[in-house]
Amino acid sequence: HRGWRGVLLDQAASNPDIGLHQRFLTVGNINRVLEELGVPKGFDLLSIDVDDNDFWLWQALDDHWRPRVVVVEYVATLGDEDVVNRYLPGGLSFAFPDMRHLGLLGA
């Protein structure tokens, strides 16, 4: 592991040996799930790739979560389009936010 520790979340799979926990994240539970799993307030990397609600999950994080680096999926082919898909509680719209909106969240 070379000193790395982490919490991995997946909607369908779980593997305690690698710290993978089966959870379906929503804007209503993301903060509670991170608390339950003992994620520290300041951590190094947050990667969000859920194929639909990436923007909304990042926006829903309470301010006390302070990742040093955030990686969020977006669609580069949208260019300067002003696009954010609606929040879908059930997920799987296969639409993604544009870079402008992700930049506003990270500012």
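Our structure's up above, just so we're on the same page.
Residues numbered from 1 in each chain as written. Predicted model: local features only at pLDDT ≥ 70, side-chain atom pairs only at ≥ 80, totals over all residues. Heavy atoms only, no water.

Undergrad: Looking at this model, I keep getting lost on the overall build of the protein. Mind explaining?
TA: On a plain count of helices and strands, the protein comes out with three helices and four strands. When its helices and strands are written in sequence order, the protein yields β-β-α-β-α-β-α. Here the protein, with 107 residues, has 28% of them falling under the buried criterion. For the protein, contacts bridging at least 24 residues in sequence account for 52% of all contacts bridging at least 6. When the accessible surface of the protein is split by element, carbon and sulfur atoms take 52% of a total near 7300 Å². (Helix = DSSP H or I, 4+ residues; strand = E, 2+ residues; numbered from the N terminus. Buried < 20%, exposed > 50% of the residue type's maximum accessible area, 1.4 Å probe, protein only. Contact = heavy atoms within 4.5 Å. Areas by Shrake-Rupley, 256 points an atom, 1.4 Å probe, with all protein chains shown as cover.)

Undergrad: I tried to follow the pattern of salt bridges on my own but got confused; where do I start?
TA: Close approach of charged atoms lets side chains of opposite charge pair. All told, the structure shown has three salt bridges when counted by the stated rule. Residues Glu35 and Lys41 are paired through a salt bridge, measuring 2.4 Å at the closest nitrogen-oxygen approach. On the basis of relative accessibility, which here comes to 35%, the residue Lys41 falls in the partly exposed class. (Salt bridge = Lys/Arg side-chain N within 4 Å of Asp/Glu carboxyl O.)

Undergrad: Would you take a moment to explain a nonpolar patch on the surface for this structure?
TA: Judged by side-chain polarity, Leu45, Val69 and Val71 come together as a nonpolar surface patch covering roughly 250 Å² of accessible area. You can see Leu45 is positioned in strand β3 (residues 42–48). (Patch = residues over 30% accessible without salt bridge, like charges linked within 9 Å, V, L, I, M, F, W, Y side chains within 5 Å.)

Undergrad: So what exactly am I meant to see when it comes to the pairing of β3 here?
TA: For a regular strand, the rule is simple: side chains alternate between the two faces of the sheet. Two strands pair when backbone bridges link them, and β3 and strand β4 (residues 66–72) are joined in this way by six bridges, in the parallel orientation. Looking at β4, one finds that Leu46 is bridged to Val70. Chirality of the crossover, the property in question, places the unit of β3, helix α2 (residues 54–60) and β4 among those that are right-handed. (Pairing = 2+ DSSP bridges. Right-handed = clockwise from strand over helix to strand, strands pointing away.)

Undergrad: Explain the side chain of Asp54 to me, please; I cannot follow it from the model alone.
TA: In this structure, Asp54 sits in helix α2. You can call Asp54 buried: its relative accessible area is 0%. Side-chain polar atoms of Asp54 contact the backbone nitrogen of Val50, separated by 3.2 Å. (Polar contact = N/O pair within 3.5 Å; in protein donor to acceptor, adjacent residues only side chain to side chain.)

Undergrad: Before we go on, may I ask you to explain the packing of aromatic side chains in this structure?
TA: For any pair of aromatic rings, the description rests on two quantities: the centre-to-centre distance and the angle between the ring planes. Enumeration according to the criterion identifies one aromatic pair in this entry. Ring centres of Phe55 and Trp56 lie 4.8 Å apart, and the angle between their planes is 85 degrees; this geometry places the pair in the edge-to-face category. Residue Trp56 is classed as partly exposed on the basis of its relative accessible area of 24%. The lysine or arginine in question, Lys41, covers the ring of Trp65, its NZ or CZ lying 4.5 Å from the ring centre. (Phe/Tyr/Trp six-rings, centres within 6.5 Å; stacked < 30°, edge-to-face > 60°. Lys NZ or Arg CZ within 6 Å of the ring centre and 35° of its normal.)

Undergrad: Can you help me understand the nonpolar core in this one?
TA: The tendency in soluble globular proteins is for nonpolar side chains to be buried as a group. Judged by nonpolar contacts, Ile30, Leu34, Val39, Phe43, Leu46, Ile48, Leu57, Trp58, Leu61, Trp65 and Val72 together constitute the single largest core of 11 residues. Elements supplying a minimum of two residues to this core: α1 (30–36), β3 and α2. With three residues, the single largest contributor to this core is β3. Setting aside anything within four residues of it in sequence, one finds Trp65 in contact with Asn31, Leu34, Glu35, Val39, Pro40, Lys41 and Phe43. (Core = buried A, V, L, I, M, F, W, Y, C linked by side-chain atoms within 4.5 Å.)

Read these as layout, nothing more, since geometry by itself doesn't imply function.
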